[in-house]
Amino acid sequence: MAQLEPFEAAKIMYEKLATILRGRERIVELAEELANAKVELETCKRDCFNFF
C-alpha cells in the first residue's frame, strides 16, 4: 500500500468523517419522523375508537 502525503491522508479522513456525520444527521431526522408518525398513528387509532 502506497504512503499518502499527510495532506492527502487528512483530506481523505475529513471526507470520511463528513460522510459519517451526514449519516448521523439523517438517522436523527428519521428518528424524529418515526416519532411523529407514531403520534399520528395513536391519534388516528384514538379518533377511530371514539367514532365507533
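Criteria and cut-off values
Residues numbered from 1 in each chain as written. Predicted model: local features only at pLDDT ≥ 70, side-chain atom pairs only at ≥ 80, totals over all residues. Heavy atoms only, no water. Helix = DSSP H or I, 4+ residues; strand = E, 2+ residues; numbered from the N terminus. Rg over C-alpha atoms; globule rule 2.2 N^0.38 Å. Buried < 20%, exposed > 50% of the residue type's maximum accessible area, 1.4 Å probe, protein only. Areas by Shrake-Rupley, 256 points an atom, 1.4 Å probe, with all protein chains shown as cover. Salt bridge = Lys/Arg side-chain N within 4 Å of Asp/Glu carboxyl O. Disulfide = S-S within 2.5 Å.

Novice: I keep staring at the overall build of the protein chain and nothing clicks. Help me out?
Specialist: The helix and strand inventory of the protein chain stands at 1 helix and 0 strands. Over its C-alpha atoms the protein chain spans a radius of gyration of 22 Å, topping by over 25% the 10 Å that the globule rule assigns to 52 residues. Expressed as lengths along the three principal axes of its C-alpha atoms, the size of the protein chain is roughly 70 × 15 × 5 Å. Looking at the 52 residues of the protein chain, the share that counts as buried comes to 2%. Accessible surface computed for the protein chain: about 5300 Å², of which carbon and sulfur atoms make up 65%.

Novice: Looking at this structure, I do not really get the pattern of salt bridges. What am I missing?
Specialist: Any two side chains of opposite charge can pair, so long as their charged atoms come close to each other. Using the criterion set out here, one finds 4 salt bridges in the structure. Between Arg26 and Glu29 there is a salt bridge; the shortest N-O distance is 3.1 Å. With Arg26 and Glu29 both in helix H1 (residues 6-51) and 3 residues apart, the pair spans about one turn of that helix. Looking at Arg26, the relative accessible area reads 40%, which means it is partly exposed. Ionic pairing is found between Asp47 and Arg46, a salt bridge with its closest N-O pair at 3.4 Å.

Novice: Got a minute to help me understand the state of the cysteines in this structure?
Specialist: Disulfides are covalent bonds that connect the sulfur atoms of two cysteines. Taken as a whole and assessed by the stated rule, the structure comprises 0 disulfides. Here Cys44 is not cross-linked by a disulfide; its sulfur's nearest cysteine counterpart is in Cys48, at 8.7 Å. Look at Cys48 and you get partly exposed, because its relative accessible area is 41%.

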